[in-house]
Amino acid sequence: MQDIGFIGLGAMGAHMARHLIKAGFHLNVFDTNAASLDMIAELGGKVCGSAAEVGSVSDAVLVCLPTPEIVKRVALGEDGIIHGSRARYYVDHSTTGPSVAREVAEALGERGIVALDGPLAGGVPGAEAGTLSIMVSGGRLAYERLEPAFRSFGRNVVHVGDDVGQGQILKLINNMIVGTNLVVAAEAILFGVKAGLNADVILQMLNASTARSYVTEQILAGRILDRRFDFGFRLELMRKDLRLCASEADAAGAPLLVSALAKQFYELAHAHGHATEDMTVVVKELEQLASAEIARRTQAAL
């Protein structure tokens, strides 16, 4: 399977497409961003005029798109992948939630296209380095056929279940933990700052102790401490994922009491006009409430 289609050349998708080309796949791409298409064309990718055209020249089509609505339109719309004449496999690397994944898989299945969902973890840095974690669910045979493509841009590639949508559930769990952890860790550190401790000392000790996490190491110590709000994931997308997680958990009868409260801080930041800013802007909401900042002390301050 050498002819691969890729739709969605955004902050992560463009890097994933680049890795596929580097790995030797013949890549057919489509996106609404002309600059992204030009970049992939320069690397050897073939630019197509629609999602349907990608589906007509590719054995499998991978998509990485921002919202469930766009995923459904690209997969099932008038010029969607479903109208392609060749593709027999479809993989959604977006975060759509299990309900949409199943809906799309059922519709594509009626046209003989096998669907997988393979949401991602690792953010833009992971996509750029080709070290993403990929949580794939769906038929085992389809997974095995596409595993070489996944491994071109992923380091931790796991088949998490045979049922489409299970990968989506795991991704929503991942993002809910990250989102909640950021709120809890930030407000705890702000308490320490208000009590007279230095934020850099707090994080140094936390990251050498049992409270350490990806959030404290990579986001708070790695970025916020130096006042860098550039994790690489827009607040509106994190809010979308947290809402999807809450909805799916409610449908499953699983209470998310603490997570639901943490989600409100992302809703607040969104209401304050920060939708297109980095998700870490939620820390600024907490800082305003505490009248303090998570910032490294300068030598002058010392």
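Notes on the structure in this doc start here. Not measured: the values here are computed from a predicted model.

1. Topic: the nonpolar core
By size, the foremost hydrophobic cluster in this structure holds 37 residues, and its most contacted members are Leu182, Leu220, Tyr266, Val283 and Ile294. Every element with two or more residues in this core is listed here: α8 (166-194), α9 (199-206), α10 (214-220), α11 (235-252), α12 (257-271) and α13 (282-290). Setting aside its immediate chain neighbours within four residues, Tyr266 contacts Gly179, Leu182, Val183, Leu235, Met238, Arg239, Leu242, Met279 and Val282. Membership of the second largest hydrophobic core comes to 33 residues, among which are Ala17, Ile21, Tyr143 and Leu146.

2. Observations regarding the packing of α12 against α13
What describes two packed helices is the angle between their axes and the distance between those same axes. Contact geometry for α12 and α13: axes closest at 9 Å, N-to-C directions at 95°. One finds that α12 runs roughly perpendicular with respect to α13. Residues Phe265, Tyr266, Leu268 and Ala269 of α12 lie in contact with α13, whose contacting residues are Val282, Glu285, Leu286 and Leu289. Of the residues that constitute the contact of α12 with α13, the class distribution is seven nonpolar, no polar and one charged.

3. Details of the pattern of salt bridges
Applying the stated criterion to the full structure yields 14 salt bridges. Between Glu236 and Arg234 there is a salt bridge; the shortest N-O distance is 2.7 Å. Taking the relative accessible area as the measure of exposure, Glu236 reaches 28% and is therefore partly exposed. Classification of Arg234 by relative accessible area gives partly exposed; the value is 34%. Members of the salt-bridge network, linked through shared partners, are Arg239, Arg243, Lys263 and Glu267.

4. What about the packing of aromatic side chains?
Considering all chains together, one arrives at two aromatic pairs under this definition. Arranged with centres 6.3 Å apart and planes meeting at 75°, the rings of Tyr214 and Phe231 form a pair that is edge-to-face. Within this pair, whereas Tyr214 is found in helix α10, its partner Phe231 is found in the loop between α10 and α11, the two being separated by 17 residues in sequence. Overall, the relative accessible area of 43% leaves Tyr214 in the partly exposed class. By relative accessible area, Phe231 is classed as buried at 11%.

5. Observations regarding a nonpolar patch on the surface
Together, Val158, Val160, Ile169, Leu170, Ile173 and Ile177 make up an exposed nonpolar region whose accessible area comes to about 450 Å². For the nonpolar patch, the elements supplying multiple residues, two or more each, are β9 (154-161) and α8. Examining the composition of the nonpolar patch, we find that four residues originate from one element, α8, more than from any other. With respect to the helices, strands and loops of the structure, Leu170 is situated in helix α8. Looking at Leu170, the relative accessible area reads 35%, which means it is partly exposed.

6. Comments concerning the packing of helix α1 (residues 13-22) against helix α7 (residues 140-153)
Close contact between α1 and α7 brings their axes to 8 Å; oriented N to C, the two are set at 115°. Between α1 and α7 lies a crossing of right-handed hand. When α1 is examined against α7, the residues Met16, His19 and Leu20 are found in contact with a partner set consisting of Ala149, Ser152 and Phe153. Within the contact of α1 with α7, the residues separate by chemical class into four nonpolar, two polar and no charged.

7. Description of the pairing of strand β1 (residues 3-7)
Buried residues dominate β1, accounting for four of its five residues. At this point the chain moves from β1, through α1, to the parallel strand β2 (residues 26-30), and the crossover so formed is right-handed. Note that β1 and strand β4 (residues 60-63) share four bridges and pair parallel. Paired with Ile7 across the bridge in β4 is Val63.

8. Re the environment of Arg88
The residue Arg88 is located in the loop between α4 (68-76) and β5 (89-92) in this model. Judged by its relative accessible area of 39%, Arg88 falls in the partly exposed class. A sequence separation of 64 residues divides Arg88 from Gly24, and the C-alpha atoms of the two residues are 20 Å apart.

9. Comments concerning the pairing of β9
In the sheet, strand β8 (residues 132-137) pairs with β9 via six bridges, with the strands oriented parallel. Within the sheet, the bridge partner assigned to Val136 lies in β9 and is His159. Remark: the β8/α7/β9 crossover connection has right-handed handedness.

10. Side note on unusual backbone geometry
Positioned with a positive phi, Arg227 is a non-glycine residue whose angle comes to about 60°. With respect to the helices, strands and loops of the structure, Arg227 is situated in the loop between α10 and α11. Phi is positive for Ser291, which is not a glycine, with a value near 55°. Mapped onto the fold, Ser291 is located in the segment after α13.

So, how was this worked out
Residues numbered from 1 in each chain as written. Predicted model: local features only at pLDDT ≥ 70, side-chain atom pairs only at ≥ 80, totals over all residues. Heavy atoms only, no water. Core = buried A, V, L, I, M, F, W, Y, C linked by side-chain atoms within 4.5 Å. Buried < 20%, exposed > 50% of the residue type's maximum accessible area, 1.4 Å probe, protein only. Helix = DSSP H or I, 4+ residues; strand = E, 2+ residues; numbered from the N terminus. Contact = heavy atoms within 4.5 Å. Axes fitted to C-alpha atoms, helices over the stretch in contact; angles between N-to-C directions. Parallel < 35°, antiparallel > 145°, perpendicular 65-115°, else oblique. Nonpolar A, V, L, I, M, F, W, Y, C, P; charged D, E, K, R; others polar. Salt bridge = Lys/Arg side-chain N within 4 Å of Asp/Glu carboxyl O. Phe/Tyr/Trp six-rings, centres within 6.5 Å; stacked < 30°, edge-to-face > 60°. Patch = residues over 30% accessible without salt bridge, like charges linked within 9 Å, V, L, I, M, F, W, Y side chains within 5 Å. Areas by Shrake-Rupley, 256 points an atom, 1.4 Å probe, with all protein chains shown as cover. Left-handed = near helix turned anticlockwise from the far one by under 90°. Right-handed = clockwise from strand over helix to strand, strands pointing away. Pairing = 2+ DSSP bridges.

Functional significance is not addressed by these values, which are geometric in nature.
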